[in-house]
Amino acid sequence: MPTAAPPLSAVSARVVSRHTRVRAPLIVSALLLLVGAAATLFLDSGTPLIVVVAITAVFGLTSGAGNVANQTVLYREAPPESVGTASGLLRTFGYIGSIASAAITGTAFHSHVDDTGLRHISWALVGIAALVLIMTVCDRSLAKADRRPAH
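- The name recorded for the chain in an unreviewed UniProt entry is Major facilitator superfamily transporter multidrug resistance protein, from Streptomyces malaysiensis.

### Details of the packing of helix 2 (residues 23-40) against helix 3 (residues 49-77)
For step 1, the next point in the chain: Close contact between helix 2 and helix 3 brings their axes to 8 Å; oriented N to C, the two are set at 155°. Considering the angle they form, helix 2 stands roughly antiparallel to helix 3. When the axes of helix 2 and helix 3 are compared, the crossing they make is left-handed. Together, Pro25, Leu26, Ser29, Leu32, Leu33, Gly36, Ala37, Ala39 and Thr40 of helix 2 and Ile55, Val58, Phe59, Leu61, Thr62, Ala65, Gly66, Ala69, Asn70 and Val73 of helix 3 make up the contact between the two elements.
For step 2, the next point in the chain: Of the residues that constitute the contact of helix 2 with helix 3, the class distribution is 13 nonpolar, six polar and no charged.

### Quick word on the nonpolar core
For step 1, the next point in the chain: One finds Ala13, Val16, Val22, Leu26, Ala65, Val68, Ala69, Val73, Leu142 and Ala145 forming the largest nonpolar core, which totals ten residues.
For step 2, the next point in the chain: Residue assignment for this core shows that the elements contributing at least two residues are helix 1 (5-17), helix 3 and helix 6 (141-147).
For step 3, the next point in the chain: The dominant element in this core, judged by the number of residues it contributes, is helix 3, at four residues.
For step 4, the next point in the chain: If we skip the residues at most four places from it in the chain, Ala69 touches Val16, Val22, Pro25 and Leu26.
For step 5, the next point in the chain: Core analysis: the next-biggest nonpolar cluster, separate from the first, contains five residues, Leu33, Ala37, Leu41 and Ala129 among them.

What counts and how
- Residue indices begin from 1 for each chain and proceed along its sequence in written order.
- Given that this is a predicted model, residues contribute local features only at a pLDDT of at least 70 and side-chain atom pairs are listed and counted only at 80 or more, while totals for whole chains, interfaces and linings are drawn from all residues.
- Water and hydrogen atoms were dropped before computing side-chain values, which therefore reflect all heavy atoms in the structure.
- Note on geometry: axes are C-alpha line fits, over the in-contact stretch for helices, and angles between N-to-C directions span 0 to 180 degrees.
- Counting from the N terminus, the helices are the DSSP runs of H or I reaching at least four residues and the strands are the DSSP runs of E reaching at least two.
- Working rule for angles: under 35 degrees goes down as roughly parallel, over 145 as roughly antiparallel, 65 to 115 as roughly perpendicular, anything else as oblique.
- For a crossing to be left-handed, the near helix must be turned anticlockwise from the far one by less than a right angle; the clockwise case is right-handed.
- In what follows, residue pairs with any heavy atoms lying within 4.5 Å of each other are defined as contacts.
- Put simply, Ala, Val, Leu, Ile, Met, Phe, Trp, Tyr, Cys and Pro go in the nonpolar bin, Asp, Glu, Lys and Arg in the charged bin, and everything else, Gly too, in the polar bin.
- For this analysis, a nonpolar core means a set of buried residues of the types Ala, Val, Leu, Ile, Met, Phe, Trp, Tyr and Cys, connected via side-chain atoms within 4.5 Å.
- Each residue gets one of three labels from its accessible area relative to the maximum for its type: buried under 20%, exposed over 50%, partly exposed in between, using a 1.4 Å probe on protein chains only.

Structure (structure tokens):
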């Protein structure tokens, strides 16, 4: 199935990488994650393909903007002698997220793929997205990071 996620991820990554601010892109990324997650609540086996592609596009924008902004924060905040370790930890937690995603998907679709399982995944994603948005908005260190120059 064709999706718009990879090209839009690249476009949003390019846009975010051209700016030095990180808080706004992370908040927008978290907000888009919540919008995409909420939109998946309305998907079912009869949803038109164009709607699925549009929701996938939202996740593509989220991915590109969030990944670049998170890496920018890492390089800006980690002491130069610890950037390698910090990068490894960022990657490790990305893998832990992937493992959690596989566990949620496996649990929701344990015997077969259906609309009910998708709904369970959607609610889990809405909860995670809401938590990410709250944490991002409340993180005052991101505003400080915007004012601090890169190493």
